[in-house]
Amino acid sequence: MRIAHTSDWHIGKKLMGRDRGEEFKEVLAEIAELCREEKVELLLVAGDVFDTYTPSAEAEEIFYTSVKNIASTCAVLIISGNHDDYVRLTAAQALSEELNIYTVGNNLKALDCKKRGSCYPVESDGGYAVFANDAGEMVYINTLPYPNEARFKEGKSDESFAIKIKRWIDYGERGKKEKIPSVFLSHIFAAGGKAGDSEREIDLGGARAVGLNLFPECDYSALGHLHKRQKLGENIYYSGAIMRFTFDEAGQEKSINVFDLTDGGVKNFKTVPLKSCKKLVRLQANSAADGIKLLGDNAVAIAELTLNLKSPLSPSEMAGLHSCENLYSLRMSVDSELLAAGVSANEGKSSSQLFSEYYSSRFGADVPSDLLALFLSLTEEE
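Computed from a predicted model, the values in this text were never measured in an experiment.

Caption draft 1: Representation of the overall build of the chain within the structure. Summing up its helical and strand segments, the chain has nine helices and 17 strands in all. A globule of 382 residues ought to have a C-alpha radius of gyration of about 21 Å, and the chain, at 23 Å, matches this closely. Viewed in the frame of its principal axes, the chain has a C-alpha envelope of about 70 × 50 × 35 Å. Counting over 382 residues, the chain shows a buried share of 53%. Within the chain, residue pairs in contact and separated by at least 24 positions form 64% of the contacts whose partners lie at least 6 positions apart. On the chain, roughly 17500 Å² of surface is accessible, and the fraction owed to carbon and sulfur atoms is 50%. Charge-centre separation for the chain: the mean point of 43 positive side chains lies 2 Å from the mean point of 57 negative side chains.

Caption draft 2: Quick peek at the environment of K68. Along the chain, K68 falls in helix α2 (residues 57–71). Note: C-alpha distance between K68 and M16 (52 residues apart in sequence) is 30 Å. Setting aside residues no more than four positions away along its own chain, K68 makes contact with L99 and I101.

Caption draft 3: Just helix α6 (residues 288–297), in detail. Of all the positions in α6, only A288, G291 and L295 are classed as buried. Viewed along the axis of α6, the buried residues span an arc of 60 degrees, placing them on a single side of the element. For α6, exposure combined with an orientation more than 90 degrees from the buried face picks out A289, K293 and D297. Those residues of α6 that are buried lie in contact with β14 (280–285), β15 (302–309), α7 (315–322) and β16 (327–334).

Caption draft 4: Representation of the pattern of salt bridges within the structure. By the definition in use, this model includes 23 salt bridges. A salt bridge links R2 to D260; the nearest nitrogen and oxygen atoms lie 3.3 Å apart. Placement of R2 in strand β1 (residues 2–6) and of D260 in strand β12 (residues 255–262) is noted, with a sequence separation of 258 residues between them. In this structure, E253 engages R229 in a salt bridge whose closest nitrogen and oxygen atoms are separated by 2.9 Å. Note that E253 is positioned in the loop between β11 (236–238) and β12 and R229 in the loop between β9 (220–224) and β10 (230–232), a separation of 24 residues in sequence. The class for R229 is partly exposed, based on a relative accessible area of 31%.

Caption draft 5: Molecular detail of empty space enclosed by the protein. Enumeration according to the criterion identifies two cavities of 30 Å³ or more in this entry. Taken as a whole, the second largest cavity spans an internal volume of roughly 30 Å³. Along the walls of the second largest cavity sit F50, T52, Y53, P55, D84, D85, R88 and L89, which together make up its complete lining. The class makeup of the residues in the lining of the second largest cavity is four nonpolar, one polar and three charged.

Caption draft 6: Representation of the sheet that holds strand β3 (residues 75–79) in the model. Ordered by their spatial adjacency, six strands build an open sheet running β4-β3-β2-β1-β12-β13, and the pairing between neighbours is mixed. Either end of the sheet is taken by a strand with one partner, and the two such strands are β4 (101–104) and β13 (265–273). The sheet shows a mean angle of 20 degrees between the axes of neighbouring strands, direction not considered. Contacting β1, β2 (42–46), β12 and β13, helix α1 (residues 21–37) runs over the sheet at an angle of about 140 degrees to β13. In the packing of α2 onto the sheet, the strands contacted are β2, β3 and β4, and the crossing angle to β3 comes to about 135 degrees.

Caption draft 7: Spatial organisation of the packing of aromatic side chains. Evaluated as defined, the whole model comprises 13 aromatic pairs. Centre to centre, the rings of F63 and Y64 are 5.2 Å apart; their planes meet at 50 degrees, and the pair counts as tilted. Take Y64: its relative accessible area is 39%, and that puts it in the partly exposed class. Site record: aromatic cluster; members linked through ring pairs are W9, F50, F63 and Y64. Here the basic side chain of R18 rests over the ring of Y328, its NZ or CZ set 4.2 Å away from the ring centre. Lying across the ring of Y171, R174 places its NZ or CZ 3.8 Å from the centre.

Caption draft 8: Here's a closer look at the environment of I79. Turning to its location among the elements, I79 is positioned in strand β3. A sequence separation of eleven residues divides I79 from T90, and the C-alpha atoms of the two residues are 9.2 Å apart. Contact partners of I79, with chain neighbours within four places excluded, come to V45, A46, G47, D84, L89, V104, T143, L144, P145, L185, S186 and H187.

Caption draft 9: The arrangement of unusual backbone geometry in detail. Located in the positive-phi region is M16, a residue other than glycine, with phi close to 55 degrees. Although it is not a glycine, H225 adopts a positive phi angle of roughly 125 degrees. Structurally, H225 can be placed in the loop between β9 and β10.

Thresholds, definitions, all that
Residues numbered from 1 in each chain as written. Predicted model: local features only at pLDDT ≥ 70, side-chain atom pairs only at ≥ 80, totals over all residues. Heavy atoms only, no water. Helix = DSSP H or I, 4+ residues; strand = E, 2+ residues; numbered from the N terminus. Rg over C-alpha atoms; globule rule 2.2 N^0.38 Å. Buried < 20%, exposed > 50% of the residue type's maximum accessible area, 1.4 Å probe, protein only. Contact = heavy atoms within 4.5 Å. Areas by Shrake-Rupley, 256 points an atom, 1.4 Å probe, with all protein chains shown as cover. Lys, Arg positive; Asp, Glu negative; His and termini not counted. Charge placed at Lys NZ, Arg CZ, Asp CG, Glu CD. Arc of directions from axis to C-beta. Salt bridge = Lys/Arg side-chain N within 4 Å of Asp/Glu carboxyl O. 1 Å grid on protein atoms, 1.4 Å probe; cavity = no way out; pocket = protein on both sides within 12 Å on 5 of 7 lines; lining within 4 Å. Points joined across faces, edges and corners; volume = space filled by probe spheres on them. Nonpolar A, V, L, I, M, F, W, Y, C, P; charged D, E, K, R; others polar. Pairing = 2+ DSSP bridges. Axes fitted to C-alpha atoms, helices over the stretch in contact; angles between N-to-C directions. Phe/Tyr/Trp six-rings, centres within 6.5 Å; stacked < 30°, edge-to-face > 60°. Lys NZ or Arg CZ within 6 Å of the ring centre and 35° of its normal.

Take a look at the structure:
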């Protein structure tokens, strides 16, 4: 079966307050075209469809229009991520399933098994589904949306997170009654994964990292949550986000994974670049004039510009810079003192950095690790 893996669409996410709706439309249209060109039968979306629990009407319109376009080519299976309200995401399930679009939230509702295309679910129960194609090829998929106690409506217990995650993973394995190719589809932070500035910190502090030894035995693990494309172990993959969301992602290639899943495992694996997502660049110049020239030379990219100056900019120089439409972030260093135009000194710092600095200034000591973990747990969206 020909399968594609993508994740972390984050539809509706802005950059420095700027809307990127048209860019989302272009990238998702490109994914639809790639699925056609690659003859993909099943697209796996590993969570974080939206950027917030309450996406705008515009963001929802982009999602519904785009995923319908993709589903005209192949079946689509989506799980919810930590940014998604799984109740909201699965609300249209009765309609979307008729289009061969299937969504699994933390209620782990079984999919409606009916032939609606050349690839479709033939068996499903809470936490898993078996898809088949017209050639009779089948794949077992363990579906684990972003896992925590609150989302699964579990009370507090003495179980460690490792024990809980193993129990949740094993629940999705219980339907394996015969030896067929299998996939683990989840939105988690795998131990050893490399994170960037745009991911939630709650799982990145280590307490909720999932050890690779806890992963189920399968042919391919399709993960979401980390925005950098990467491979862990033998068959554990993050496809990465479909767009660059922060300037620390400048230079990262965005792509989707495409492969054949056979009785002999994964074959013909490749990463297919996404060319329509805009590049992010970090530029430096020693004058406003040089900065404007650099911005012109990189007109097709979204830019962060740092100016190293001997004296502050004049109003006319500021006006000239702000007339450059691709300038999203302007930073200035005057006499070795870093200033950000309209940005506080805390810009870019993570929640843990801010809390640690506050604790140190208030109490004159490093913040205890358990207190930091408690603070981060309060910042997690539920």
